[in-house]
Amino acid sequence: MTNPLGAWRLPLRIARRDALRHRGRSLLTLVMIALPVLAVTTADVLMQTSNVSGVESIDRRMGSAEALVSVQQGVDDVEQSPDPDGAFGTSGGDGESPLVTAEQVSAVLGGARLLEIREGEAEVRTDKGAVTAGLTEVELKDPLTRGLYDLTSGRWPQDAGEVVVNEALVTRGYQIGETLDRPGAGHVDPVIVGIAESTTTRDFPVAAGPVGAFGLDDETSRSWLVDGDPVSWETVRELNAIGATVASRAVITDPPPVSEWPDSVQASAGVDDATMAVLVLIVVMALIEVVLLAGPAFAVGARKQQRSLALMSASGGTPVQSRRVVIGSAVVLGSVAAVLGVGLGIVLGRLLVPAVQSRSGEYLGPFEVPWQHLAGVAGFGMLSAFLAAVVPAYLASRQDVVAVLAGRRGDRAPSYKSPLLGLVLLGAGIAGSVVGATGGGEIMIAASAIPAVLGMILLIPLVLAGLGRLGGRLPLVLRYAVRDAARHRTRTVPAVAAVAATVAGVVALGIGVTSDEAENRETYTASMVDGVGVLTGYETPAWSSYRAVVAQEAPDAEVTDQLGLAETAPDGGFSDTDVRVPGLDYLLDSSGSSLGATILVSDDRLPYGLLGVAEGDVARAEEVLRSGGMVAFTSPGIEVDATEAKLVRETYAPDGGESTSKATATVPTEFVELEKPWAGPAAVVSTAAAAELGVEPAVVALVIGKDQLSKDQEEAIDEALGGVDLNASLYVERGYQADDETVIAQLILVGLGGLLMLGGTLTATFLALSDARPDLATLSAVGASPRTRRGVAAAYAVVVGFVGALLGAAVGFVPGIAVSRPLTSQNYGNIAPDGTAQFNSGPFLDVPWLMILGLVVALPLLTAAVVGAFARSRLPLVARLD
Amino acid sequence: MSAVLQLDTVTRIHGEGETEVHALKSVTFAAHDGELVAVMGPSGSGKSTLLTLAGGLDAPTSGTVSVEGTDLATLGQKGRARMRRTSIGYVFQDFNLIPALTAAENVALPLELDGVGTRQARALARVALGEVGIAELADRFPDNMSGGQQQRVAIARAVVGERRLILADEPTGALDTETGEEILRLLRSRCDAGAAGVLVTHEARHAAWADRVVFLRDGVIVDETGADRVEALVDSGATR
Amino acid sequence: MSVRQALLALLEEGPMYGYQLRSEFERRTGATWPLNVGQVYTTLTRLERDGLVTESGADGEGHVIYEVTEAGRDEVATWFTTPVARTTPPRDELAIKLALAVTVPGVDVGTVIQQQRSATISALQDYTRLKRDRRDTTPGDLAWTLVLDSLIFNAEAEVRWLDHCEARLRRAALESPAAPLTTSADAEERTAR
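Bear in mind that the values here come from a model prediction, so they are computed numbers and not experimental data. (Residues numbered from 1 in each chain as written. Chains lettered and ligands numbered in written order. Predicted model: local features only at pLDDT ≥ 70, side-chain atom pairs only at ≥ 80, totals over all residues.)

(A) Representation of the overall build of chain A in the model. Broken down by element type, chain A carries 25 helices and 21 strands. A buried classification covers 43% of the 882 residues belonging to chain A. In chain A, 82% of the contacts between residues at least 6 apart in sequence involve partners at least 24 apart. (Helix = DSSP H or I, 4+ residues; strand = E, 2+ residues; numbered from the N terminus. Buried ≥ 20, exposed ≤ 12 C-beta atoms within 10 Å, placed from the backbone. Contact = placed C-beta atoms within 7 Å.)

(B) Representation of the confidence of the model for chain A within the structure. Residue and element names in this part refer to chain A. Taken over all residues, the pLDDT of chain A has a mean of 79, while the share at 70 or more is 88%. Averaged pLDDT values over the elements of chain A bottom out at 68 in strand 3 (residues 90-92) and peak at 89 in strand 7 (residues 162-165). Predicted confidence is poor over residues 829-839, with pLDDT under 50, and the contacts of this stretch with residues over four places away or in other chains come to nine contacts. (pLDDT = per-residue confidence, 0-100.)

(C) The interface of chain B and chain C, seen in detail. Taken together, the contact pairs 16 residues of chain B with 16 residues of chain C. Contributing elements (two or more residues each) for the side of chain B that touches chain C: helix 6 (177-192), helix 7 (204-207), strand 9 (212-217) and strand 10 (220-225) of chain B. For the side of chain B that touches chain C, the class distribution of residues is eight nonpolar, two polar and six charged. (Nonpolar A, V, L, I, M, F, W, Y, C, P; charged D, E, K, R; others polar.)

(D) Highlighting the pairing of strand 1 (residues 67-72) of chain A. Residues and elements named next belong to chain A. Buried residues dominate strand 1, accounting for five of its six residues. Sheet topology note: the strand 1/strand 11 (residues 244-248) ladder contains five bridges and is antiparallel. Looking across to strand 11, one finds that Ser70 is bridged to Thr245. In the sheet, strand 1 pairs with strand 10 (residues 221-226) via six bridges, with the strands oriented antiparallel. Its bridge partner lying in strand 10, Gln72 is registered against Ser221. (Pairing = 2+ DSSP bridges.)

(E) Examining the sheet that holds strand 5 (residues 70-71) of chain B more closely. Residue and element names in this part refer to chain B. Strand order in this open sheet of four strands is 2-1-4-5, and the pairing throughout is antiparallel. Each of the sheet's edge strands pairs with one partner strand only, and the pair in question is strand 2 (21-32) and strand 5. In the sheet, strand 1 (residues 3-14) pairs with strand 2 via eight bridges, with the strands oriented antiparallel. In the sheet register, Leu5 faces strand 2, and the bridge partner there is Ala31.

(F) Here's a closer look at the interface of chain A and chain B. With 24 residues of chain A at the interface, the matching set in chain B holds 26 residues. Listing elements by their share of the side of chain A that touches chain B, those giving two or more residues are helix 1 (6-21), helix 10 (306-314) and helix 13 (401-405) of chain A. Of the residues in the side of chain A that touches chain B, the class split is eleven nonpolar, seven polar and six charged.

(G) Expanded view of the sheet that holds strand 3 (residues 64-68) of chain C. All names here are of chain C. Strand order across the open sheet formed by three strands is 1-3-2, with antiparallel pairing between neighbours. Looking along the sheet, the strands with just one partner apiece sit at the ends: strand 1 (16-17) and strand 2 (53-58). Here four bridges tie strand 2 to strand 3, and the two strands are oriented antiparallel to one another. Each residue of the ladder has a partner; that of Glu55, found in strand 3, is Tyr66.

Structure below.
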């Protein structure tokens, strides 16, 4: 070969013509490879478009200024990356240094003009209650701010009494001319004079006005927009030195090399290893799947070309040249598919941008085509086509030329080496999963799924051969399908493998997801008896207005007051009450204020809705309450041999710190061991015991009787409460509620798996049918009815689907079970008495049998039905070789 | 005049043990330049085996096969492939052509496989097609040609690049007698022009086009006609 | 083969004298069946007697010219439209020889067949050689190659019949190994085992 490219000219020409001659098969292969490329391209384009990069967001952040400088109290040294929002930097200081002033900043910048900008958040009253709005104070008339907001109607504010708001606030009831109404005292409510959209956020309420309009303070941090000359990296570093963080237009647009970055931020420039590992895993898995899906097409293509290849051999072609012809078709189809996939993906992405924008709260960046990524994606498509053709090409180059020329067909006998290698790989995969399950982690398990799947693929020929031998008693069409599948392994194996790999993945993920779900269900801790509702407040609860809301929305509900030791005070302070018994570190693993407070008060009955108190303990508990003592709950397994306990109550000021007062009381106590852990109170005390502690019992919650609130009523009350008091909340115990996301994940899994399975089976079946034309012609010649062809088609689909699903499910169990262990085991660092680490819960294992049954039995049958329905029933009359 | 193809006590056994089949037993056979030799025999007599051995597509169990004086056993798989590109041309019964290539490209195939530039190979192929009388069909695909035309293309491919040995396996089998005769006439004329030809057939009428007819029975050459004429040619050192 | 009808057919193309008729016949059938002048004249006399030809004078050199009569034309038409009857097969020496070889003990039938086949194929090669040197450029050439083809196909049929005989004999030998029938190939096969 004189010219290395010249050696490819002939194979590529044959491949190109062959692709045009067999349009159906070419199209099928094209779709198989182009679809994933298209999907990834579309996703990438949309991601890159919705992802607003540092450069794209410059105007959003600093308008038309040259830089945005921010300083914080207590910081006098900053290390930042060129784009301070892009990567974490560090800041240092003793916390005492005074806030950097505008003069200091301006001095470093050579006297550049600074425009102060203040940002904050506050509650804004709306028709339905209140929302949180983003507030900005900046002189909007200044041209430096152009790019921060787009005025859509009205005018810019003239003084501190005027503001603009965005559409999100208009839809909540505000209009030009009204005042912006903020709850609480001490505000001058400004007048709305215009409507302006923030260039950043779309559906978050935003208001902006001149400095002073909202009364935002500048005591802990300050920011300025910088006018004048571009701010260089050197200047940024100088500003860093006095404690300012700088986003400079010039630096972000043209960042300095990483070597000039401060040491502490250089590390953040790379991608971390775990992310990389996951990425590689995903790419490899996807590659395997695509290769397997496209594999049968190339196998059949090579089969159809076998006479051509034999003729080439007879004309002096070497095995390498034969291989190139088959690989050539992969190169031709792969590149067309890659280009087509990327092209259509970009178009589809462009068409989908409006749809994505309508679902996104932020404004998307400009439409962006990430050519570098897409080159990789296209390369992936070509690589998958190439890999799919490698095995058929290798087999084609090894074919028995004499047999082919004599018109005999059939693959060579399977070698014993590859199943052996398959067993080794499968073993390695299982071993890896076990290691991963016992401490190696999820990535290890996912990684070992790859050798397991590859090993399984190598074992498929053996399984098919075995089936072919066992198929003697099957009815004709099934027997034919089984034998044919076993004979033509080069096309059957990738098809079965594609189905198997899909099913393995779905089963593994399915087991993981359902086990996770099982863990959530098993470890769910109900706060109270099923069906009971509790309404709680905070700081200054207005019980009467809460009761009115409930009465209005659910007139029939029975509402009782629950007394307890209040934990929050109107001034923002809080208190904490603890039950202590000498010699014991703790009585309860967990307790909570699900019934309004950790310590409840009652003089006769136990509070309504308590869960996990044994029947036998109730009388004992109520007895002690009546006699002025208290009931203390203990975790399962903790028995206390005492008759009294100490109550310790500490009260704190709103800003925390040391407790301001501490009261103790020792009270006669009955200890009640709970049946299971809970989030309920630590103790119930009598009024007398509370008095001994010096606390007046107060209403801490409204308890609504069992099953008296419907879901609709619950939602209505919730919404109404929002208008009355943002701190009020209603909780109705309804037992464990399966997360919507889990159900959706399972549905997506089954749907995707089914789709891939259907695709794999359908391609394989139709390719097999086109390959089996001469045989079908013979069948028709001996009097087979047209229905037989449908039957053969359906039977073939059953064989491919069923064998694949069964093998896949079997292989999928290994990583599935393995991954469920680390996924569902929780260790909070507890140490058992013997010194070993103790799992608080788990591992949990729940196999989604119904889903697996559906995949293994229902889907192959469904596929067979589809194939049977769509296969042409007309038998070919002429056997034609080509 | 020398032997282009020489088989020396060649034995070929297929299979092993119980299923052992002796396809050829100690066969000695030669084809000289300018000579067309027909090999006749019923199915299973070893005709086709002889041809595959001659083309290096198969290797003998014992004995030697030489083409143009080179023992094929001394060449590797690649060397034998090169032999087929440069010295040996095959013509089969049917489906001789690669459907994805035009007539000219099919003829140019051995040349291109041998690394000859596309343009030059195409030009040589057109000349070869002209010699078999179908220059005007150069750009047609096999699908659009009659069986006879396809066989002409196959013969052109078998001789292109001055190859000296033509191996034809029932080349007229799928054709009617008239067209078949044209193909034999063509084959004959290529041999008259200096090539050595081996024609495997089970039809006496076709074998009669050969200078010499060799009869194969159960892998053994049992008889031969026309040998005297060839020997006379060899003796006189006559060349055509 | 009927010389009578053949001469009538030639005369239908135009009046000819005896020697002319002979050379025309041989030109068309390629000297396959030689015809002497005496035979031509005897036949012409009989044809004249039966009223199928008449003398139409003589040419300058004194040759008697014959021409076909109306009855003669009818006879030619009838001949061309009536197939050649196969009711009485010509006596075939080869068939008789083989039939005897099979029944007479001590004869190696295989050798008989192979020798005959070689001989027939040699003849076939000769015919083919004659044929391949000619191109069908004139109607006369075409007539000649068609006659050659007839010989070729007959010879081929004989070879095929010989192949068939051989196959039958071998099968018979396989079915009753004790039978005295042997062929050379069988003998070799036995020694090979």
